[in-house]
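# Residue-level structural notes
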2 protein chains.
Amino acid sequence: MSDILKSSRRAFLRGSVAAAAGAVTAGAARAATPDPLITEVQDWASGLGQGVDEVPYGLPIEFESDVIRRNVEWLTADTISSINFTPIHALDGTITPQGCAFERHHSGAIELKKEDYRLMINGLVDRPLVFTYADLERFPRENHVYFCECAANTGMEWAGAQLNGAQFTHGMIHNMEYTGVPLRSLLNEAGLSGETAGKWVYVEGADASSNGRSIPLEKALDDVLVAFKANGEALRKEHGYPVRLVVPGWEGNMWIKWLRRIEVLDQPVESREETSKYTDTLADGTSRKWTWVMDAKSVITSPSPQMPITHGPGPLVVTGMAWTGHGRITRVDVSRDGGKSWETARLSQEGGNKALVRFYLDTDWDGGEMLLQARAMDETGYVQPTKSQLRDVRGENSIYHNNCIQTWHVKSNGVAENVEVS
Amino acid sequence: MSDILKSSRRAFLRGSVAAAAGAVTAGAARAATPDPLITEVQDWASGLGQGVDEVPYGLPIEFESDVIRRNVEWLTADTISSINFTPIHALDGTITPQGCAFERHHSGAIELKKEDYRLMINGLVDRPLVFTYADLERFPRENHVYFCECAANTGMEWAGAQLNGAQFTHGMIHNMEYTGVPLRSLLNEAGLSGETAGKWVYVEGADASSNGRSIPLEKALDDVLVAFKANGEALRKEHGYPVRLVVPGWEGNMWIKWLRRIEVLDQPVESREETSKYTDTLADGTSRKWTWVMDAKSVITSPSPQMPITHGPGPLVVTGMAWTGHGRITRVDVSRDGGKSWETARLSQEGGNKALVRFYLDTDWDGGEMLLQARAMDETGYVQPTKSQLRDVRGENSIYHNNCIQTWHVKSNGVAENVEVS
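Here the structure is a predicted model, which means the values were calculated and not measured.

This paragraph deals with the overall build of chain A. Looking only at helices and strands, chain A has eight helices and 24 strands in total. When the backbone C-alpha atoms are referred to their principal axes, chain A occupies close to 85 × 55 × 40 Å. Classification of the 422 residues of chain A by burial places 62% in the buried group. For chain A, contacts bridging at least 24 residues in sequence account for 72% of all contacts bridging at least 6. For chain A, the computed accessible surface area is about 14,800 Å², with 49% contributed by carbon and sulfur atoms. Counting 42 positive and 55 negative side-chain charges, chain A places the centres of these two groups 1 Å from one another.

Looking now at the relation of the copies chain A and chain B. The transform that puts chain A on chain B rotates by 180° and translates by 0.0 Å along the axis, for an RMSD of 0.0 Å. What we have between these two chains is a two-fold relation. When the interface residues of chain A are mapped onto chain B, 100% of them again fall at the interface, so both copies present the same face.

So, about the pattern of salt bridges. Residue and element names in this part refer to chain A. Applying the stated criterion to the full structure yields 56 salt bridges over all chains. Note that glutamate 420 is salt-bridged to lysine 387, the shortest N-O span being 3.5 Å. Separated by 33 residues along the polypeptide, glutamate 420 in the segment after strand 24 (416–419) and lysine 387 in helix 8 (residues 387–394) bring together distant segments of the chain. The exposure class assigned to glutamate 420 is partly exposed, which follows from its relative accessible area of 39%. Several salt bridges converge on common partners, so that one network encompasses Glu157, Lys387, Arg391, Glu396 and Glu420.

A word on the interface of chain A and chain B. Listed as interface residues are 110 residues of chain A and, on the opposing side, 111 residues of chain B. For the pair chain A and chain B, the two sides together bury roughly 9,800 Å², of which 56% comes from carbon and sulfur. Between the two partners, chain A and chain B, sit four salt bridges. One salt bridge connects glutamate 64 of chain A with lysine 114 of chain B, and the closest N-O pair in it is separated by 3.2 Å. Applying the counting rule to chain A against chain B returns 49 residue pairs in polar contact (both at pLDDT 80 or more).

The subject of this paragraph is the sheet that holds strand 17 (residues 314–323) of chain A. Within a sheet, adjacent strands bond to each other through the backbone by hydrogen bonds, running parallel or antiparallel. Residue and element names in this part refer to chain A. Spatially, 16-17-21-20 is the arrangement adopted by the four strands of the open sheet, whose pairing is antiparallel. Where the open sheet ends on each side, the last strands, each with one partner, are strand 16 (297–302) and strand 20 (346–347). Sheet analysis places strand 20 next to strand 21 (residues 357–365), joined by two bridges and oriented antiparallel. Its bridge partner being in strand 21, leucine 347 is matched across the sheet by phenylalanine 359.

Further remarks concern the UniProt feature "domain: Oxidoreductase molybdopterin-binding" (unreviewed entry) in chain A. The sites that carry the UniProt feature "domain: Oxidoreductase molybdopterin-binding" (unreviewed entry) are, in the present numbering, residues 111–271 of chain A. Each end of residues 111–271 of chain A is marked by a C-alpha atom, and these two atoms are 25 Å apart; helix forms 13% of the span and strand 35%.

What follows covers the domain arrangement of chain A. Residues and elements named next belong to chain A. The domains assigned to chain A are domain 1 (3–45), domain 2 (74–288) and domain 3 (297–419). On a C-alpha basis, the centroid separation for the pair domain 2 and domain 3 is 27 Å. Between domain 2 and domain 3, the contact holds 44 residues from the first and 41 residues from the second. Between domain 2 and domain 3, a total of about 3,600 Å² is buried, with carbon and sulfur atoms accounting for 52% of that surface. Taking the shortest distance from any N to any O, the salt bridge between lysine 354 and aspartate 223 comes out at 2.8 Å. The interface formed by domain 2 and domain 3 contains 24 residue pairs in polar contact (both at pLDDT 80 or more).

Residues and elements named next belong to chain B. Taking burial as the measure, the six residues of strand 8 (residues 200–205) include six buried ones, the bulk of the element. Here strand 8 shows no split at all, with Trp200, Tyr202 and Glu204 on one side and Val201, Val203 and Gly205 on the other all buried. In terms of strand pairing, strand 8 meets strand 9 (residues 213–216) through four bridges, oriented antiparallel. What sits directly across from valine 201, in strand 9, is isoleucine 215. Relative to strand 13 (residues 259–265), strand 8 runs antiparallel, the two being bridged by six bridges. Residue pairing in the sheet places valine 201 in a bridge with valine 264 of strand 13.

Looking now at the UniProt feature "domain: Moybdenum cofactor oxidoreductase dimerisation" (unreviewed entry) in chain A. In the numbering adopted here, UniProt assigns the feature "domain: Moybdenum cofactor oxidoreductase dimerisation" (unreviewed entry) to residues 288–406 of chain A. A distance of 23 Å separates the end C-alpha atoms of residues 288–406 of chain A, which is 7% helix and 39% strand.

The next subject is the pairing of strand 10 (residues 225–230) of chain B. Residue and element names in this part refer to chain B. By the criterion of burial, strand 10 is predominantly enclosed, with six of the six residues buried. By the bridge criterion, five bridges tie strand 7 (residues 173–182) to strand 10 in an arrangement that is antiparallel. When the sheet's bridge partners are listed, threonine 179 is paired in strand 10 with lysine 229. Taken together, the three bridges between strand 10 and strand 12 (residues 244–246) define a ladder with antiparallel strand orientation. Bridged to leucine 225 within strand 12 is valine 246. Relative to strand 11 (residues 233–234), strand 10 runs antiparallel, the two sharing two bridges. Of the residues in strand 11, the one forming a bridge with lysine 229 is alanine 234.

Rules used throughout
In every chain, residue numbers begin from 1 and rise along the written sequence. Chain labels run from A onward and ligand labels from 1 onward, assigned in the order the entries are written. A pLDDT threshold of at least 70 governs which residues receive local features in this predicted model, and a stricter bar of 80 or more applies before side-chain atom pairs are shown or counted, although totals over entire chains, interfaces and linings include all residues. Excluding hydrogens and water, the side-chain values take into account all heavy atoms of the structure. Think of it this way: any DSSP run of H or I at least four residues long counts as a helix, any run of E at least two long counts as a strand, and we number them from the N terminus. Each residue is placed in one exposure class: buried if its accessible area under a 1.4 Å probe, protein chains only, is under 20% of its type's maximum, exposed if it is over 50%, and partly exposed if it falls in between. Contacts: residue pairs with any heavy atoms within 4.5 Å of one another. Here, Shrake-Rupley sampling with a 1.4 Å probe gives the accessible areas, and only protein chains in the shown set may cover a residue. The charge count includes Lys and Arg as positive and Asp and Glu as negative, but it does not include His or the ends of the chains. Every charge is mapped onto a representative atom, which is NZ of Lys, CZ of Arg, CG of Asp or CD of Glu. Here the copies are matched by least squares. The fit uses the C-alpha atoms of residues with pLDDT of at least 70 in both. For this analysis, a salt bridge means a side-chain nitrogen from Lys or Arg found within 4 Å of a carboxyl oxygen belonging to Asp or Glu. The quantity reported as buried area is the accessible area (1.4 Å probe) lost by two parts once they are put together, taken as the sum for both. A 3.5 Å cut-off defines polar contacts: any pair of N or O atoms within that distance qualifies, except that in protein one atom must be a possible hydrogen donor and the other a possible acceptor, and neighbouring residues in sequence count only when both atoms are side-chain atoms. Two strands make a pair as long as DSSP finds a minimum of two bridges between them. UniProt positions are given in the numbering used here, feature names are shortened, and annotations may be inferred rather than shown by experiment. Domain segmentation is taken from an automatic or database assignment of domains.

Written out as structure tokens, the structure reads:
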């Protein structure tokens, strides 16, 4: 790039959208030097680039090498039964690419070939069945975009372990377009005689942990998918290749990867994953269980601790994402003063059913400090609570289901920090 | 996997969905061997898998290594000014992952850092402007899913060079969720005085080819985006990192990658890319020009030459995708007899504006030969034409804008071939 364009005259940002772009008049450029577009050819325009045979399957460009999943070393005893975080701070739109979508494994991500894959349906069915992968492909299939959030997302905030970045506070989430067969179709194939009310399915994976969970049959017959593609292509190894369960709006632990068995029962199993884990311990030591649905939640992804404001006062795009397991997000508000006053953000598209929605507040920054918050509302009328409202009800012992309002303290130098607002 | 499940008794598919899954009764399994699920532990369930720190950015599993972009060696003189093809035969749903989305370069894919990026708007504007990448991030942005189809997609079919695979006949297309700033916002920032009618913008890229194209100002002010993300993350190098133009519904050649300049003019430039190339030569040797909009089109992706039927008669899912540059797809029909009779397919979701839609025909295969075709209709009432209808109007000299109905000849052994039906 020529010096004249590099230094350019685009510097002064005067606090209006009109000034967001710097003006270079043709006259000014010519006064400084012969037209740089003619006399100086940039490196990238002076030769040939990469051919179409070089990268059969592409990765992000090297300049984006920091936009990756990250884990937190001290969070778990090892990295096999652990979690990493989607780089939501650096993403926009709504779709999460599989390559950087968070992983949660209980005994590591396994390799299971399509040819070896089997799915058994047994228990209270007319005839137990075993499906091959090829069998599944012969059933009518559907496509839906859904978010998948780990119940422990934002869990470290409960007791004030406030990590400095949206990736770490809210990155146990992804949002993908799934292709799969409704579980209802497979259960009906096996045959469900008699009453469905009060019955359950127990679902488990083929990995060593098996990660079994009980799901009411009513949900299993509603919108649960036996999925084999995400964002158009095969599930990645770490997302359950070749087949995972998709349980829309419900906690990610129930979205069984490497799905191998579905048993129909007349009661829940009360497995480790729904007693010792994935229950919510209250202040008095008792626990809430069967807390499956992910309540409405939102987070501002930029500005945020990993995405400081790098310019002076003037036009600023505040953006983030919102979601609810109860259906559709209808409104997101943004506060710049820690919740004292609110402005309604723009949703970039109508909220999808149990899918992420992106919101923007196109605003003007005066260069002063801000206590940035977002507050989501969904179609049930539910409003995302503050941290103190949630603590009043739940205490501080919980690990799961923290959907409280998050606060970023943005300083006048543009740096943002994770803070608590009482 | 145990022998009893591997060989299993699921073999007989009797031509009904009810038989698509084979039954293994608990009794039968026990008669053959002690319960294999207890006595034999599969490899993948007997140890630990991959940890969450091992793959910060993931690629598809090794078993899917054939689902990649492919180029055709004889198609172009070199691979720098060439094209490759999306593996649409193996995809489902609607989103195309960036990693396998087709590439078309005129002088190769270049590397251009965000910090070096500049976008100039000049010509008939009140004040010429140069935007940095950071400037662009301060304008209100939008998210939309759009298809991008190369005008030459299906071009080899015109004169009967019938490649055997949907990837090669129809794979110059992808469909992604773009995040960007409306070009309208940037043009208004530069200031458009007086009449806009009759004016044009000339858009060019930063690569050596520059690939300049003229676009009517009316379109530029309508739905064109200056985009920096696709499917949530930064554009890949091969898709124009850091900034490309998105020209919804219009031929891919106008979606300028590495966008560097937009000039407002009172007439089109008549550049190489819109005179010598990207015009449609008719039978009499004259050429149609300004053929920007991609007409309604569809293709069956499975079964297809790369996706033979691997099972016997019975339940069969026929699937494919449809799109139109004129807005929304309203209906897709499928024929099994080369267009003599048609059945209306199921659209997996409402057709989006200038976006791919997935269709399914959930049917029963009698094991006989089929001449499979799909026929798309859009909201304007337009019906995708047959090859002979299109040839009657356009002759056989064209390279671009072949949107005719495609035929796959599926044989009784399940193998499919690209054939011409008169």
